[in-house]
Amino acid sequence: MTATEHSAARTAGPAGPSDWDPAAYGRFRDLRLRPALDLLARIGAIPDGPVVDLGCGNGAVGPALASRWPDRPRIGVDSSAAMLAEARAKGGYTSLVSADVARWKPDAAPALIFSNAALHWLADHGVLLPGLARMLAPEGMLAVQMPRQFFAPSHRFLRDFAAEMFADRFDFAQWQSPVWAPSDYHRLLSPFGTVDVWETEYLQRLAPAEDAHPVRRFTESTIMRPFLDRLSAAETESFVARYEAALSAAYPAEADGSVLFPFRRLFVTLVR
């Protein structure tokens with residue numbers, strides 16, 4: 001599974017994971033970009049060295065990084081060929097690297113490791129984030145944003161329905177949220193420098209969507225992918241129908257057909 005929060009349409013069947021779909025992800029470009037820009041605004045002076053966008057996806061943040069640090073090496077890292085192709089077209093990076101984010105190693109100590117909506121796809125944060133902190137140049141910064149939406153109806157319904165309908169493939173008895181509590185990240189990273197951790201809940205207005213609940217259109221581009229990749233076409237139809245019905249009750253439409261969708265995100269910065 002690629003390490004970026006992108007894509008909607010399945011490009012592979014039940015036999016294997018799908019690649020990300022840049023066009024599908026782009027439907028909600030502004031909503032997904034806003035947290036990245038909010039995180040970027042909290043970054044002050046950084047030392048000499050490259051700027052790394054870890055899990056750069058389709059390169060949406062690349063132009064903002066280029067505007068902020070036009071004279072720095074700007075390296076985008078992702079494992080999705082489709083997303084890297086789109087990132088290359090946007091032109092915000094001096095180089096792009098195809099790599100598993102969990103195993104990536106820099107050639108030179110980064111001044112900034114920036115990661116927007118990527119690291120929640122990876123396990124073992126107790127090893128992953130300290131490892132990233134150790135890569136930084138002295139006075140360098142780690143800046144991370146991850147969704148913390150996993151107990152909201154939009155995400156909980158997927159686990160509940162998959163476990164009930166397809167128990168042979170989905171078992172969440174031992175499931176734990178991939179994103180920790182804010183205090184846990186503070187304790188984890190404090191030995192490495194100055195840490196700041198905060199959460200923001202964005203009240204997102206989703207425009208009406210043709211033939212779909214707006215929240216389903218939003219989640220199918222990210223959190224639904226691992227579920228749909230393991231279902232046949234017929235199973236997908238029944239699963240989506242049940243999910244749509246539950247979403248309609250949890251997130252009722254406004255008079256104009258739009259939906260108000262609260263979405264919580266966690267932010268972490270560390271200055272080494």
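In short, a report on the structure. Just so it is clear, the model here is predicted, and its values are computed rather than measured. (Residues numbered from 1 in each chain as written. Predicted model: local features only at pLDDT ≥ 70, side-chain atom pairs only at ≥ 80, totals over all residues. Heavy atoms only, no water.)

1. Notes on the pairing of strand β2 (residues 74-78)
Of all 5 residues that make up β2, 5 are buried, and the element is covered over most of its length. Burial along β2 is two-sided: Arg74, Gly76 and Asp78 facing one way and Ile75 and Val77 facing the other are all buried. Note that strand β1 (residues 51-54) and β2 share 4 bridges and pair parallel. Its bridge partner being in β2, valine 52 is matched across the sheet by isoleucine 75. Taking the sense of rotation as the criterion, the β-α-β connection linking β1, helix α3 (residues 62-68) and β2 turns out right-handed. With 4 bridges connecting them, β2 and strand β3 (residues 95-98) associate as parallel partners. Opposite glycine 76, over in β3, you have leucine 96 as the bridge partner. (Buried < 20%, exposed > 50% of the residue type's maximum accessible area, 1.4 Å probe, protein only. Helix = DSSP H or I, 4+ residues; strand = E, 2+ residues; numbered from the N terminus. Pairing = 2+ DSSP bridges. Right-handed = clockwise from strand over helix to strand, strands pointing away.)

2. As for the environment of phenylalanine 267
With respect to the helices and strands, the residue phenylalanine 267 is situated in strand β7 (residues 259-271). Classification of phenylalanine 267 by relative accessible area gives buried; the value is 0%. Taking the C-alpha atoms as reference, phenylalanine 267 lies 6.6 Å from methionine 146; in sequence the two are 121 residues apart. Not counting chain neighbours up to four residues away, the residues in contact with phenylalanine 267 comprise Pro35, Leu39, Val144, Gln145, Asp196, Val197, Trp198, Thr200 and Tyr202. (Contact = heavy atoms within 4.5 Å.)

3. Structural notes on the sheet that holds β2
With mixed pairing, the 7 strands of this open sheet are ordered in space as β3-β2-β1-β4-β5-β7-β6. With partners counted over all chains shown, the strands left at the sheet margins are β3 and β6 (194-206), one partner each. Pairwise comparison of adjacent strand axes, ignoring direction, gives a mean angle of 20° for this sheet. (Axes fitted to C-alpha atoms, helices over the stretch in contact; angles between N-to-C directions.)

4. A short note on the pattern of salt bridges
All told, the structure shown has 15 salt bridges when counted by the stated rule. Residue arginine 242 pairs with glutamate 164 through a salt bridge whose shortest N-O separation is 2.6 Å. Placement of the pair is arginine 242 in helix α10 (residues 233-250) and glutamate 164 in helix α6 (residues 153-165), with a sequence separation of 78 residues. A salt bridge links arginine 187 to aspartate 184; the nearest nitrogen and oxygen atoms lie 3.7 Å apart. With arginine 187 and aspartate 184 both in helix α7 (residues 182-189), this residue pair falls 3 residues apart, about one helical turn. With a relative accessible area of 59%, arginine 187 lands in the exposed category. Residue aspartate 184 is classed as partly exposed on the basis of its relative accessible area, which comes to 32%. Salt bridges sharing partners connect three or more residues here, namely Arg216, Arg217, Glu220 and Glu244. (Salt bridge = Lys/Arg side-chain N within 4 Å of Asp/Glu carboxyl O.)

5. Quick word on α7
When we look at burial in α7, the residues that qualify are Tyr185, Leu188 and Leu189. End-on, the buried residues of α7 take up no more than an arc of 80°, which puts them together on one face. Of the surrounding elements, those touching the buried residues of α7 are α5 (125-135), β5 (141-147), β6 and β7. (Arc of directions from axis to C-beta.)

6. Details of the packing of α6 against α10
The contact between α6 and α10 brings their axes to 10 Å, and the two run at 145°. Taken as a pair, α6 and α10 cross one another with a handedness that is right-handed. Residues Pro153, Ser154, Phe157, Leu158, Phe161, Ala162, Glu164 and Met165 of α6 touch α10, and the partners they reach there are Ser238, Phe239, Arg242, Tyr243, Ala246, Leu247 and Ala250. Among the residues forming the contact of α6 with α10, the class breakdown is 11 nonpolar, 2 polar and 2 charged. (Left-handed = near helix turned anticlockwise from the far one by under 90°. Nonpolar A, V, L, I, M, F, W, Y, C, P; charged D, E, K, R; others polar.)

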